[in-house]
Amino acid sequence: MAKQIQAQPDKKTISDLIGKIQRSELILQPEFQRGFVWTPEHMENFIKTILDGYPFPEIYISQKGIDLETLSTQNVVVDGQQRLTTIKRYIEGTHSFEKNIPKFSSLSNPEKTDFLNYDVTVRDLKDVSPETMIEIFHRINSTKFTLTAIEINNAIYDGQFIKCAKEILKIFEDIEFKVPIFSESELTRMADLHFVLLIMSTIEEGGYFPSDNEVERYIASFNNEYDNFETMKEKISKTILDINNSSLESDSMWFRKSNYFTMLCELLWSNKNINDLVVDLNEFEKNVMANKRENKNNNPYALYYANMYAGTNSRNARVRRAEILKEFTGIANS
């Protein structure tokens, strides 16, 4: 039996924890943590729990390292980011989510003092290794239905393949990454990262695979080294930028996730430029929409339409969409 990791509970006030975050002594979102995903309703209900004096689940932190010059210790939040982020936003008043509770600024001075003196149970994992820290995060959250597969992969792996996908997304931070269209909640759950990893895995595979089964295999296989890092980064980012800047209408079917996935993969394989294919793609869309109610057994456009919606993540649907697209447009491989 392995030696038990010590994580003795301690009490910290809200003011102490938020002060450490503001002074960068406590890192709220280390690399392995998911983005903030709580809705305004979640945030309000959580703050009401504190205002009503009820306890909430414990926070896990761990030591990240020591600044040898200042001799100060820096800690990271292993579990509890959503709660601490909500508290910080409530105190700072940076987000308006309060509908049925008073804003922090509206509290009386005694009420503010009570809020800031609220005791939080904190378990300090001390100076555990980064690998152990990530494993603890994984195990805490594996019993909750709160993490998506990509959020867990992002926690477990931090190597070259996933880094390449993150750098592709970083290119679009200052522009409107409008394709495919993700909802705000999907973006906070790393749906865009998952999508880029799916594209990368499909291109590496050289063909379509069922569902998203191969994504984790590629993340793991190229965790230490990824020879195609720069090539993949350049090709995918350039192709997405070309699509964003093309004359395709923003409400066209090509901005539906399934169609965009197929179009992007085929563009990457064929080395074709989207600007040379806009006429073909518009004509293809027109025919798909005009024939969507026809018999899919003898009408390829109706068959394509069916595969936009039915089983869009199946290998058969992905292959069928690609075959029909290549047959009726100039996107076929060179």
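Small disclaimer: the values here were computed from a predicted structure and weren't measured.

Visitor: Explain the overall build of the chain to me, and be specific about the residues and the numbers.
Guide: In terms of regular secondary structure, the chain is built from 15 helices and five strands. A buried classification covers 46% of the 334 residues belonging to the chain. If you take every contact in the chain between residues at least 6 apart in sequence, the share linking residues at least 24 apart comes to 73%. When the accessible surface of the chain is split by element, carbon and sulfur atoms take 47% of a total near 17800 Å².

Visitor: Quick rundown of helix H2 (residues 40-51)? Include the residues and the values.
Guide: Given a rise of 1.5 Å per residue, 12 residues ought to cover 16 Å, and the 16 Å separating the end C-alpha atoms of H2 matches this to within 8%. Packing partners of the buried residues in H2 comprise helix H1 (14-22), helix H3 (81-92) and helix H4 (109-116). Positive backbone phi, at 85°, marks Gly53, one or two positions downstream of H2.

Visitor: Would you mind going over the nonpolar core in detail, with residue names and values included?
Guide: Ranked by size, the top nonpolar core spans 53 residues in total, and within it Leu197, Ile199, Met200, Trp254, Met263 and Phe284 carry the most contacts. Mapped by element, the contributors of at least two residues to this core are helix H7 (160-171), helix H9 (191-205), helix H10 (215-221), helix H11 (229-245), helix H12 (257-270), helix H13 (278-290), helix H14 (300-309) and helix H15 (315-328). Looking at this core, the element that brings in the most residues is H9, giving nine residues. Within the second largest apolar cluster, 25 residues are counted, among which are Ile47, Ile61, Phe115 and Val120.

Visitor: Just give me the short version of the packing of aromatic side chains, but keep the residues and values in it.
Guide: Counted by the stated rule, this structure contains 21 aromatic pairs. By way of ring pairs, the aromatic residues Phe195, Tyr208, Tyr260, Phe261 and Trp269 are connected into one cluster. A cation sits over an aromatic face here: Arg217 above Tyr218, 4.7 Å from the ring centre.

Visitor: Got a sec to walk through the packing of H13 against H14? Specific residues and values, please.
Guide: Running from N to C, H13 and H14 cross one another at 85°; their axes reach a closest spacing of 8 Å. As judged from the angle between their axes, H13 and H14 are roughly perpendicular. Across from Phe284, Asn287, Val288 and Met289 in H13, the residues of H14 making contact are Tyr301, Tyr304, Tyr305 and Met308.

Visitor: Can you break down the confidence of the model for the chain residue by residue, with the values?
Guide: Per-residue confidence for the chain gives a mean pLDDT of 83, with 77% of residues at or over 70. At the level of individual helices and strands, the chain shows its lowest average pLDDT in helix H6 (residues 149-156), which scores 56, and its highest in H13, which scores 96. Ignoring residues within four places in sequence, the model shows residues 143-147, a span with pLDDT below 50, making 10 contacts including any to other chains.

Visitor: Residue-level account of the packing of H1 against H3, with values.
Guide: One way to put it is that H1 packs onto H3 with a least axis distance of 11 Å and a crossing angle of 90°. Between H1 and H3, the angle is such that the two are roughly perpendicular. Listed contacts from H3 to Ile14, Leu17, Ile18, Ile21 and Gln22 of H1 are Leu84, Ile87, Lys88, Ile91 and Glu92. Of the residues assigned to the contact of H1 with H3, the class counts are seven nonpolar, one polar and two charged.

Visitor: A description of unusual backbone geometry should follow, citing residues and the corresponding values.
Guide: Residues other than glycine seldom take positive phi values, yet Ser24 does so here, at roughly 65°. With respect to the element layout, Ser24 can be found in the loop between H1 and strand E2 (26-27). Take Ser24: its relative accessible area is 45%, and that puts it in the partly exposed class. The phi dihedral of Asn271 is positive, around 60°, even though this residue is not glycine. Looking at the element boundaries, Asn271 is found in the loop between H12 and H13.

Visitor: Lay out the pattern of salt bridges in plain terms, naming residues and giving numbers.
Guide: Side chains bearing opposite charge may pair, as long as their charged atoms lie close to each other. Counted according to the given criterion, the structure contains 14 salt bridges. Residue Asp52 is joined to Lys48 by a salt bridge in which the shortest nitrogen-to-oxygen separation is 2.7 Å. What makes Asp52 partly exposed here is its relative accessible area of 42%. Overall, the relative accessible area of 39% leaves Lys48 in the partly exposed class. The salt bridge partner of Glu58 is Arg123, with a shortest N-O separation of 2.9 Å. With a gap of 65 residues between them, Glu58 in the loop between H2 and strand E3 (59-66) and Arg123 in strand E5 (residues 119-124) connect regions that are remote in the sequence. Here Arg123 falls in the partly exposed class, since its relative accessible area comes to 23%.

Definitions and cut-offs
Residues numbered from 1 in each chain as written. Predicted model: local features only at pLDDT ≥ 70, side-chain atom pairs only at ≥ 80, totals over all residues. Heavy atoms only, no water. Helix = DSSP H or I, 4+ residues; strand = E, 2+ residues; numbered from the N terminus. Buried < 20%, exposed > 50% of the residue type's maximum accessible area, 1.4 Å probe, protein only. Contact = heavy atoms within 4.5 Å. Areas by Shrake-Rupley, 256 points an atom, 1.4 Å probe, with all protein chains shown as cover. Expected span 1.5 Å × (residues − 1). Core = buried A, V, L, I, M, F, W, Y, C linked by side-chain atoms within 4.5 Å. Phe/Tyr/Trp six-rings, centres within 6.5 Å; stacked < 30°, edge-to-face > 60°. Lys NZ or Arg CZ within 6 Å of the ring centre and 35° of its normal. Axes fitted to C-alpha atoms, helices over the stretch in contact; angles between N-to-C directions. Parallel < 35°, antiparallel > 145°, perpendicular 65-115°, else oblique. pLDDT = per-residue confidence, 0-100. Nonpolar A, V, L, I, M, F, W, Y, C, P; charged D, E, K, R; others polar. Salt bridge = Lys/Arg side-chain N within 4 Å of Asp/Glu carboxyl O.

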